[in-house]
Amino acid sequence: MNYDSSIIRPQLNNADIKNRGQGMSASRLSAIREGLRTLHTLELMAITIYRYQITGEATELNRQLTAAMCNEMTHYQDFQIKLYEYGFKPSPIRWTYWLIGFWFGFSSRLRGKKAILKTGIWVETKAVHHYAELLETIEWDDDSRKVVEKNQSDEDGHIKRWTSLLNEIS
């Protein structure tokens, strides 16, 4: 499917929130829970990376990092909503991903623009591959699959954006 990665925060209506998982097997629900928890914690890491890469300067890079952070916050909310729709809770160890995100974000910021962009490309490439694996191995309901696919497309858009900016400064 093709998604417009320029849309940072898609519209969500009250009727879009549903109770999910009724009639699903325990093994399918377990896989969905683990997939949603994984995506939720990884999005927390992505938010934190971008948060600590942003400086106080009025630059195009900071504008793009802010937009990417906002987009990742949307993904984080998407997966938190899905967790609760299924009756699940976020991972109790998600704080460790905040720490990892802080390390990647702050350390790349200290090393400069190229390091920020290379970190973004590396992290988002890992995310796209992880999304693909979860799309292939988990039997998602149709609505949840669309959210995962849209968010994967956004991550691919981030790679293209960071690659373009890196090529401009190289």
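Residues numbered from 1 in each chain as written. Predicted model: local features only at pLDDT ≥ 70, side-chain atom pairs only at ≥ 80, totals over all residues. Heavy atoms only, no water.

1. A few points about the environment of Glu72
- Checked against the element boundaries, Glu72 lands in helix H2 (residues 60-85).
- Taking relative accessible area as the criterion, Glu72 reaches 0% and is therefore assigned buried.
- Beyond its immediate chain neighbours, meaning those up to four positions away, Glu72 contacts Glu43, Ala46, Ile47, Tyr50, Glu124, Glu155 and His158. (Helix = DSSP H or I, 4+ residues; strand = E, 2+ residues; numbered from the N terminus. Buried < 20%, exposed > 50% of the residue type's maximum accessible area, 1.4 Å probe, protein only. Contact = heavy atoms within 4.5 Å.)

2. Notes on a nonpolar patch on the surface
- A surface patch of nonpolar side chains, about 330 Å² in accessible area, is lined by Ile93, Trp95 and Leu99.
- Among the structural elements, Leu99 can be located in helix H3 (residues 95-111). (Patch = residues over 30% accessible without salt bridge, like charges linked within 9 Å, V, L, I, M, F, W, Y side chains within 5 Å. Areas by Shrake-Rupley, 256 points an atom, 1.4 Å probe, with all protein chains shown as cover. Salt bridge = Lys/Arg side-chain N within 4 Å of Asp/Glu carboxyl O.)

3. Section: empty space enclosed by the protein
- The tally for this structure, following the rule as stated, stands at one cavity of 30 Å³ or more.
- One number sums up the size of the largest cavity: a volume of about 40 Å³.
- Forming the walls of the largest cavity are Ala46, Ile49, Tyr50, Glu72, Thr119, Gly120, Val123 and Glu124.
- Contributions of two or more residues to the lining of the largest cavity are made by helix H1 (26-53) and helix H4 (113-137).
- Its residues assigned to classes, the lining of the largest cavity shows four nonpolar, two polar and two charged. (1 Å grid on protein atoms, 1.4 Å probe; cavity = no way out; pocket = protein on both sides within 12 Å on 5 of 7 lines; lining within 4 Å. Points joined across faces, edges and corners; volume = space filled by probe spheres on them. Nonpolar A, V, L, I, M, F, W, Y, C, P; charged D, E, K, R; others polar.)

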